[in-house]
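Commentary on secondary and tertiary structure
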Amino acid sequence: MTEHDALAGPAIRPASRTLSGRLVSALNRTPIHIALIIIGVIWLAPTIGLLVTSFRPRTDIQSTGWWETFSTLRFTTENYEQVLNAQGMVGAFVNNLIIAIPSTLLPLTIASMAAYAFSWIKFPFRDSIFLLVVALLLVPVQVAFIPLLTLFRPFGFTNGYIAIWLVHTAFALPFGIFLLRNFFITLPRDLIEAARIDGAGDIGIFRTIVVPLSVPAIAAYGIFQFLWVWNDLLMALVFVQDNTKFPMTRAVQNLLSQYGTEWHLLAAGAFLLMVVPLIVFFSLQRYFVQGLLAGSVK
Amino acid sequence: MTEPAGNLSSMATPGNLKPGDRDGRNWRGALIFFGPAALLLAIFLVFPTIYTILLSFNRGRRGEFTEWLGLDNYVTLFTKDPNFINLSTFPPSGAVWNNVLWIIFYTGFVLAFGLIVATLAARVRYEAVIKAIVFLPMAIAATALAVIWKFVYAPDANIGLLNAVLGVVGIQPISWLGDVSFVNASLIAAGTWASVGFATVILSAALKGIPAEIIEAARTDGAGERQIFFRIILPMVSLPMSVLAVTLIVNVVKLFDLIYVMTNGGPGTQSRVIGYTFYVEGFQAGLFGKSAAIAVVMLIVLIPIMVFNIRRFRTAAVV
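Residues numbered from 1 in each chain as written. Chains lettered and ligands numbered in written order. Predicted model: local features only at pLDDT ≥ 70, side-chain atom pairs only at ≥ 80, totals over all residues.

Quick look at the overall build of chain B now. Along chain B, the regular secondary structure elements total 14 helices and zero strands. Mapped from its N terminus to its C terminus, chain B presents α and β elements in the order α-α-α-α-α-α-α-α-α-α-α-α-α-α. Taking the principal axes of its C-alpha atoms as reference, chain B extends roughly 80 × 65 × 35 Å. Burial status across chain B gives 46% buried among its 319 residues. Taking contacts inside chain B between residues at least 6 apart in sequence as the whole, the part at least 24 apart equals 63%. (Helix = DSSP H or I, 4+ residues; strand = E, 2+ residues; numbered from the N terminus. Buried ≥ 20, exposed ≤ 12 C-beta atoms within 10 Å, placed from the backbone. Contact = placed C-beta atoms within 7 Å.)

The following block contains the structure:
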């Protein structure tokens, strides 16, 4: 599919060659422009409102709406200082990294290897097992919670990060195997056969041919998985039980239950949670969109 | 929907023949490459799924599974728990009903808005900008989306944007998330807002797949914009629309974060959904058997979609 061009591509537009024709089509499009401007405002205003609020002094937030800021233009970074220091968001940010990096690299490695097995190694029941993996794609994470907690809690499984790393990794595998296998089988067979004739083993072929040629697919999967873990609340609620190890989603949720209407804290906290995903979105938009689109089956 | 159509032909050809491999089967390679994934999938997905099904027949109070109940958990859920499903009133209520509302309105609105935005954006030069703006919420955690929308819905017209806008036309402030008659609509609106970009990007790619000549030809034959939309564009995007609908329904079945952060299922229990009920029954009330039964209900709801996906995958593979 053409998801690469998904955010930027040629448009279907009636061709108009004459000046009057162009004028007529421009006039015809006025309602379209108005509709699109309204859509743009509806999709930007809520987020911008929170961003503006995160920089407003507490007293201003309580007395006037954020849309009135533009008449006063009083801004402060105090909300962020307070959330970062007093509310422990610095620690939560670090925890997010500690949780998200292994929970991305592990499935990336393990799913790539499995996808290689499903594409280029012959073993019994391979195609049936692959269909089972496709079926596992939709298994809701909830079915794993109770057995894993009751069985592993006695081993202190949930006091550290091991539980959440492993659960995130396992639940990322069906999608990763599915996505990467579908990419790997499109690689040129001749190239792989030639390497085999030259005496390369599976490990060599995987490392020197398959992985380097599959960087776009692996990157898309990696970005999707990283953001998935970064933005996750449910798994962190269940599998991270030491409150010094909480990620930012839990920190923001705690802020909300403690200070339900202290918008200066909530706005700053929510924005800190959004910073990394927004950076990824703006810098890696192409891979990001691909990953998300492919991830839609998850 | 976006997987490159796999081709089965490469599955059918012999893989790597090595001395010592019988029948061209590479056991050692399979073990090295698929072994770790197989182990994790078995421990963390397959085994827990079976075990959860078993536990759903037990009371499992506070995580101790000593009291076997047969189908009691299911009977309780569907006949004695008005918070799960209550069919005695009209309209019905309960978590299952709320999920039905979500499936109808969230899926419907996301598809409709997605198609509208994709169609309109295709006609202007700033298409990429509009699509990026609408797509942006996809990057954001549901927890942050919940804060954004709680802020929009704030009952105080000096804080909440929605009440401020309505105040301009003389409407009194409404407690969007605190009022039983508005809470589900407000949540569904926030969820829709967050997902329209996803539908837009997919449908936009589908629209670009329609050959321009077909549309040109229709136009030359005197077809109006409306006719072109309903007779050509809509039928040609019906397949991506149906795949999208399936994905959105799966989202709804698994829905949790947004509800948990925005309303905690409230006011009372009015905005609970299945995924939220699973969490509170097990992890807050300590009724792990009932919670397991809810997880099994979620699984059963998703099984037809699994079958659909496998069928679709197999068809795509043959083509």
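Here the narrative resumes, following the displayed structure.
When helices and strands are counted, chain A shows 16 helices and zero strands. For chain A, whose C-alpha radius of gyration is 25 Å, the value lies well above the compact-globule estimate of 19 Å for 298 residues. Along the longest, intermediate and shortest principal axes, the C-alpha atoms of chain A span 75 × 75 × 30 Å. Long-range pairs, those at least 24 residues apart, make up 75% of the contacts in chain A with a sequence separation of at least 6. (Rg over C-alpha atoms; globule rule 2.2 N^0.38 Å.)

Of all hydrophobic cores here, the largest spans 189 residues; its most connected members are Ala114, Val167 and Ala270 of chain A together with Leu145 of chain B. Among the elements that make up this core, the one with the highest residue count is helix 9 (residues 162-184) of chain A (16 residues). Here Leu145 of chain B is in contact with Pro137, Ile140, Ala190, Ala194 and Leu258 of chain B, once residues within four sequence places are set aside. (Core = buried A, V, L, I, M, F, W, Y, C linked by C-beta atoms within 7 Å.)

Moving on: helix 13 (residues 274-284) of chain B. Across the 11 residues of helix 13 of chain B, eight count as buried, placing the element largely inside the fold. Every buried residue of helix 13 of chain B is accounted for by Ile274, Gly275, Tyr276, Thr277, Phe278, Tyr279, Glu281 and Gly282 of chain B.

With that settled, the discussion passes to the environment of Asn73 of chain B. Residues and elements named next belong to chain B. Looking at the element boundaries, Asn73 is found in helix 3 (residues 72-80). For the pair Asn73 and Ala292, spaced 219 residues apart in sequence, the C-alpha to C-alpha distance is 8.9 Å. Look past the residues within four positions of Asn73 in its chain and what remains in contact with it is Ser56, Gly289, Lys290 and Ala293.

Quick look at the domain arrangement of chain A now. All names here are of chain A. Here chain A is described as being made up of domain 1 (17-76) and domain 2 (85-297). Opposite the six residues of domain 1 that make contact, domain 2 presents six residues. Only helix 2 (30-54) and helix 3 (58-63) provide two or more residues apiece to the side of domain 1 that touches domain 2. No other element matches helix 2, which puts four residues into the side of domain 1 that touches domain 2. In terms of residue class, the side of domain 1 that touches domain 2 is made up of three nonpolar, two polar and one charged. (Domains from an automatic or database assignment. Nonpolar A, V, L, I, M, F, W, Y, C, P; charged D, E, K, R; others polar.)

Below, the discussion takes up the interface of chain A and chain B. Each partner contributes residues to the interface: chain A has 94 residues there, and chain B has 93 residues. Top element by residues in the side of chain A that touches chain B is helix 2 of chain A. It accounts for 13 residues. Taken together, the residues of the side of chain A that touches chain B break down into 68 nonpolar, 18 polar and eight charged.

So, on to the packing of helix 8 (residues 180-208) of chain B against helix 11 (residues 238-254) of chain B. Residues and elements named next belong to chain B. In the contact formed by helix 8 and helix 11, the axes pass within 10 Å of each other and the chain directions differ by 160 degrees. One finds that helix 8 runs roughly antiparallel with respect to helix 11. Where helix 8 crosses over helix 11, the two elements pack in a sense that is right-handed. Listed contacts from helix 11 to Ser195, Ala199, Ile202, Leu203 and Ala206 of helix 8 are Pro240, Leu244 and Leu248. (Axes fitted to C-alpha atoms, helices over the stretch in contact; angles between N-to-C directions. Parallel < 35°, antiparallel > 145°, perpendicular 65-115°, else oblique. Left-handed = near helix turned anticlockwise from the far one by under 90°.)

This paragraph deals with the confidence of the model for chain B. Residues and elements named next belong to chain B. Overall, the predicted model of chain B reaches an average pLDDT of 87, with 91% of residues at or above 70. Contacts from residues 1-22, a stretch scored under 50 in pLDDT, to residues over four places away or in other chains number 43 contacts. Overall fold confidence (pTM) sits at 0.88, and the ipTM for the predicted complex is 0.87. (pLDDT = per-residue confidence, 0-100.)

It is worth spelling out the environment of Val165 of chain B at this point. Residues and elements named next belong to chain B. Assignment of secondary structure puts Val165 in helix 7 (residues 161-168). The exposure class of Val165 is partly exposed, given the 14 C-beta atoms found within 10 Å. When the C-alpha positions of Val165 and Asp72 are compared, they lie 50 Å apart, and in sequence the two are 93 residues distant.

Let us look at the environment of Val237 of chain B. Residue and element names in this part refer to chain B. Structurally, Val237 is set in the loop between helix 10 (225-236) and helix 11. Overall, the presence of 24 C-beta atoms within 10 Å leaves Val237 in the buried class. The spatial distance from the C-alpha of Val237 to the C-alpha of Val273 is 31 Å, given a sequence separation of 36 residues. In contact with Val237, not counting residues within four places along its chain, are Leu203, Ala206 and Leu207.

The next point concerns unusual backbone geometry. In this model, Phe90 of chain B is joined to Pro91 of chain B through a cis peptide bond whose omega is -5 degrees. Along the chain, Pro91 of chain B turns up in the loop between helix 3 and helix 4 (95-121). For Phe125 of chain A, which is not glycine, the phi torsion reads 60 degrees and is therefore positive. Mapped onto the elements, Phe125 of chain A comes out in the loop between helix 6 (89-120) and helix 7 (126-136). Judged by the 9 C-beta atoms lying within 10 Å of it, Phe125 of chain A is exposed.

The next point concerns helix 7 of chain A. Along helix 7 of chain A, the residues classified as buried are Phe130, Val133, Val134 and Leu136 of chain A. In a view along the axis of helix 7 of chain A, the buried residues occupy a sector of 160 degrees, so they form one face of it. (Arc of directions from axis to C-beta.)

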